[in-house]
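This is what each chain is made of:
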Amino acid sequence: YRDSLRKGVQGAFRIPVKIVGAEQVLPVHTVLVGTLTTNRISFEPSVLNFGRVFVGNTTVSRMTMVNESLLPQRYVFTRLPSFLAVMQIPADVINEEDKDASGVQAAVLEGGDDGAFGTLLPGERRQLCVSYMPEAATEMNVKMQVKAITGKLCGREFGIECIG
């Protein structure tokens, strides 16, 4: 039931419907038209490697969340361990980096909002900083859990591996 009138739209469908009422002479012909979409959020990179970090020090790794859905999605990082924090990169820092042709990332990332929850609009790419401050001299291998809700009904959980 692919929609032949919307060939360039992925997931588009058109279903003809015939409705016949009791004691009705002429049937009603109509069409159900819609577009299917995913509720996927992708993460770039898929694994955060913080490397070796001394106890009491902090290192930061960047991550980009991409909403692959045609609908807005609310997200929240759940059960974050105390040694991990998620911050949104301030818009002025991203703008400054876009203007800088050298490809050097900004050294100052202060002023970002809490990135542990928010709403991603359709197709939006949101840059986040994940900071790691070890509490003990041990290796870390955890999965950050992200829960997302598309609309009001559809929930999904994602995991991002963190090592260091």
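Residues numbered from 1 in each chain as written. Predicted model: local features only at pLDDT ≥ 70, side-chain atom pairs only at ≥ 80, totals over all residues. Heavy atoms only, no water.

**Considering the environment of valine 142**
Topologically, valine 142 is positioned in strand β10 (residues 141-150). Accessibility expressed as a relative area gives 24% for valine 142, which makes it partly exposed. Placed 98 residues apart in sequence, valine 142 and glutamate 44 show a C-alpha to C-alpha distance of 17 Å. Ignoring anything within four residues of it in the chain, the contact list for valine 142 reads Phe83, Leu84, Ile160, Glu161 and Cys162. (Helix = DSSP H or I, 4+ residues; strand = E, 2+ residues; numbered from the N terminus. Buried < 20%, exposed > 50% of the residue type's maximum accessible area, 1.4 Å probe, protein only. Contact = heavy atoms within 4.5 Å.)

**Some details on the sheet that holds strand β11 (residues 154-163)**
In space, the 5 strands of this open sheet follow the order β4-β11-β10-β6-β8, with mixed pairing throughout. Looking along the sheet, the strands with just one partner apiece sit at the ends: β4 (47-49) and β8 (117-120). Each neighbouring strand pair of the sheet contributes to a mean axis angle of 25°, computed without reference to strand direction. The pairing of β4 with β11 spans 3 bridges and is parallel. Across the sheet, residue valine 47 finds its bridge partner in β11, namely glutamate 161. (Pairing = 2+ DSSP bridges. Axes fitted to C-alpha atoms, helices over the stretch in contact; angles between N-to-C directions.)

**Quick notes on the environment of histidine 29**
Inspection of the secondary structure puts histidine 29 in strand β2 (residues 28-35). Taking C-alpha positions, histidine 29 is 35 Å from isoleucine 149, a pair spaced 120 residues apart along the chain. Other than its neighbours up to four places away in sequence, histidine 29 contacts Val17 and Lys18.

**Remarks on a nonpolar patch on the surface**
On the surface, a nonpolar cluster with roughly 300 Å² of combined accessible area is contributed by Val17, Ile19, Val28 and Leu32. Every element with two or more residues in the nonpolar patch is listed here: β1 (12-19) and β2. Secondary-structure assignment places valine 28 in strand β2. (Patch = residues over 30% accessible without salt bridge, like charges linked within 9 Å, V, L, I, M, F, W, Y side chains within 5 Å. Areas by Shrake-Rupley, 256 points an atom, 1.4 Å probe, with all protein chains shown as cover. Salt bridge = Lys/Arg side-chain N within 4 Å of Asp/Glu carboxyl O.)

**Here we look at helix α1 (residues 91-99)**
Taken residue by residue, α1 has Val93, Ile94 and Glu97 as its buried positions. Buried residues of α1, viewed axially, fall in a sector of 100°; they line one side. Residues of α1 that are exposed and point more than 90 degrees away from the buried face comprise Ala91, Asp92, Glu96, Asp98 and Lys99. Considering only its buried residues, α1 is in contact with β5 (59-67) and β9 (125-132). (Arc of directions from axis to C-beta.)

**What about the pattern of salt bridges?**
Under the definition given, this model contains 6 salt bridges. Across the pair arginine 40 and glutamate 68 runs a salt bridge, and its minimum N-O distance is 3.6 Å. Here the residue arginine 40 occupies a position in the loop between β2 and β3 (41-44), and glutamate 68 occupies one in the loop between β5 and β6 (73-78), the gap between them amounting to 28 residues. On the basis of relative accessibility, which here comes to 36%, the residue arginine 40 falls in the partly exposed class. The partner of arginine 126 in a salt bridge is glutamate 124, with the nearest N and O atoms 2.9 Å apart. With relative accessibility at 13%, the residue arginine 126 sits in the buried group. A relative accessible area of 21% means that glutamate 124 is categorised as partly exposed. Residues participating in the shared-partner salt-bridge network are Asp3, Arg6 and Arg14.

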